[in-house]
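An overview of the molecular structure
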Amino acid sequence: MKERQKIGFQARAAVLLLGFAAAVLAGALLFLPSVYQRDFAPLPAVQEELEQSGKIDLNQADLETLCLLPGIGEVKAQRILEYRQAHGPFSSLEEVDQVEGIGPKTIESWDGLACVG
């Protein structure tokens, strides 16, 4: 009889553990979208430029504005800023290929969205 009680206890413990894990996972899934949701607003000067030309000037844009481009998150945007600071303004879109993590396909995805002023 003791062996049967032991198995019953183990089964109940396993069910409780699985229930707890499911609750934690459900809570995480509900919480994650709010963590990753970004609400970046470009600086006023950049916003005005976007409204006038419809393009982001890679030589003027700040980190948040660069993050609006396809394939660019905070890490790559920071690399663009660091490259710009070290080497001066970009002379062409193709030069952005020199930034670590940014290749021709990423630059092609910016067609009509980015420029170098």
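Since the structure is predicted, the reported quantities are computational estimates derived from the model, not experimental observations. (Residues numbered from 1 in each chain as written. Predicted model: local features only at pLDDT ≥ 70, side-chain atom pairs only at ≥ 80, totals over all residues. Heavy atoms only, no water.)

Soluble globular proteins tend to pack their nonpolar side chains together in the buried interior. Within the largest apolar cluster, 19 residues are counted, with the highest numbers of intra-cluster contacts made by Leu66 and Trp110. Of all the secondary structure elements, the ones that give two or more residues to this core are α3 (63-66) and α4 (74-87). Among the elements that make up this core, the one with the highest residue count is α4 (four residues). The contacts of Leu66, once residues within four sequence positions are left out, are Leu58, Ala61, Ile72, Ala77, Ile80 and Leu81. (Core = buried A, V, L, I, M, F, W, Y, C linked by side-chain atoms within 4.5 Å. Buried < 20%, exposed > 50% of the residue type's maximum accessible area, 1.4 Å probe, protein only. Helix = DSSP H or I, 4+ residues; strand = E, 2+ residues; numbered from the N terminus. Contact = heavy atoms within 4.5 Å.)

On to α4, then. For α4, with 14 residues, the first-to-last C-alpha span of 20 Å sits near the 20 Å given by 1.5 Å per residue. Those residues of α4 lying buried are Ala77, Ile80, Leu81, Tyr83 and Arg84. Axial view of α4: buried residues confined to an arc of 160°, hence all on one face. Opposite the buried face of α4, at more than 90 degrees from it, the exposed residues are Val75, Gln85 and Ala86. In this structure, the buried residues of α4 make contact with α3. Positive phi shows up at Gly88, right after α4, with a value of about 85°. (Expected span 1.5 Å × (residues − 1). Arc of directions from axis to C-beta.)

Another point: the side chain of Thr106. On the secondary structure map, Thr106 appears in helix α5 (residues 104-108). For Thr106, the residues in contact, after removing those within four places along its chain, are Pro70 and Ile72.

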